[in-house]
Amino acid sequence: MASRLTALPGVRAVALGGSRARGAHRPDSDWDLGVYYRGAVDVAALTALAAEVQGSPVEVAGPGGWGPWVDGGAWLRVDGVPVDWILRDLDRVEAVWADCREGRFEVGVQPGHPLGFWSPAYPGEVALGHVLCDPQGELTALRNETRSYPEPLRTALVEAAWEAEFSVAAARKSAPGGDTLHVSLCLSRAFGILAQSLHAHHRTWCLNEKGASAAAAALPDTPAHFLERIGEALRGLDEVAVELAAEIVRDVTTACDG
């Protein structure tokens, strides 16, 4: 499948990503294929190939069809197995990587990412993926570069923890009035930022919110009972919960400064 994808106009490389690339998959996990392209991608050709390998019509979302960061792709079932094609603009991935090397990142609004899409996920996907087909060696070269976590990015993401403290302060104003929606959003945002900071502190790529807190809890020097305390705070959503969240922020900040 990877070799047939790279034969299509615009497609430059294909990589296995997701939990299967990281060795964290379950038996029923999807197979995620990153389809890296440059310039225009032939959506009609992608659609025809998808229908052929699945054996039935498939809807393929072209660039931007799934939002500004996830881009596009298709959900297939091949011999009963779920296979996802996920489009990635290789020029854009390289541009984000250049920003990351300078300590710059952005967080974009993206459906399916309630805490936003953090741009370092692009090079992180390359670093943690397995290249399946790369005729020109472009993705392989980029993967070799991204295996080394940029120190400027590490510094920027660790320092981003200031926003977690700010979010908790905002929640503190809403908790007495029982505004659980605002409190939950503020605390969730704070904990998501802390997960990013902890990963960066250990020079480990964090790709999205799913599983991020559990992965952060398993990192060395993460404050004790990190995951359990997050759960307690998000169940409470009251003034006590906000103060617990403030303690978590302080503990993580201390750990990352150490």
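See the structure printed just above.
Notes on the structure follow.

Conventions and cut-offs
- Residues numbered from 1 in each chain as written.
- Predicted model: local features only at pLDDT ≥ 70, side-chain atom pairs only at ≥ 80, totals over all residues.
- Heavy atoms only, no water.
- Pairing = 2+ DSSP bridges.
- Helix = DSSP H or I, 4+ residues; strand = E, 2+ residues; numbered from the N terminus.
- Phe/Tyr/Trp six-rings, centres within 6.5 Å; stacked < 30°, edge-to-face > 60°.
- Buried < 20%, exposed > 50% of the residue type's maximum accessible area, 1.4 Å probe, protein only.
- Axes fitted to C-alpha atoms, helices over the stretch in contact; angles between N-to-C directions.
- Parallel < 35°, antiparallel > 145°, perpendicular 65-115°, else oblique.
- Contact = heavy atoms within 4.5 Å.
- Nonpolar A, V, L, I, M, F, W, Y, C, P; charged D, E, K, R; others polar.

**Quick word on the pairing of strand 4 (residues 81-89)**
With seven bridges joining them, strand 2 (residues 31-37) and strand 4 adopt parallel strand pairing. Bridge assignment links Asp-32 to a residue of strand 4, and that residue is Asp-84. Inspection of the sheet shows strand 3 (residues 73-78) paired to strand 4 by six bridges, in the antiparallel sense. Bridge pairing in strand 4 links Val-78 to Val-81. Counting the residues between successive antiparallel strands, the hairpin from strand 3 to strand 4 contains two residues, one of them, Asp-79, with a positive phi of roughly 55 degrees.

**Details of the packing of aromatic side chains**
With the rule as written, the count across this model stands at eight aromatic pairs. With a centroid separation of 4.6 Å and an interplanar angle of 45 degrees, the aromatic rings of Tyr-149 and Trp-205 are classed as tilted. Of the two residues, Tyr-149 sits in the loop between helix 6 (138-146) and helix 7 (151-159) while Trp-205 sits in the loop between helix 9 (180-201) and helix 10 (212-217), which places them 56 residues apart along the sequence. What makes Tyr-149 buried here is its relative accessible area of 11%.

**Quick look at the packing of helix 8 (residues 162-174) against helix 12 (residues 239-257)**
Where helix 8 contacts helix 12, the two axes come as close as 10 Å, and the packing angle between them is 170 degrees. In terms of orientation, helix 8 lies roughly antiparallel with respect to helix 12. Residues Ala-164, Glu-165, Val-168, Ala-171 and Arg-172 of helix 8 lie in contact with helix 12, whose contacting residues are Val-242, Glu-243, Ala-245, Ala-246 and Val-249. Here the residues of the contact of helix 8 with helix 12 sort into seven nonpolar, no polar and three charged.

**Section: the sheet that holds strand 3**
Read across the sheet, five strands follow the order 3-4-2-1-7 without closing on themselves; strand pairing throughout is mixed. The open sheet terminates on both sides in strands that have one partner only, identified here as strand 3 and strand 7 (130-133). The sheet shows a mean angle of 30 degrees between the axes of neighbouring strands, direction not considered. Against the sheet, helix 3 (residues 43-54) engages strand 3 and strand 4, with an angle of about 15 degrees to strand 3.

Just geometry here; none of it tells us what the structure is for.
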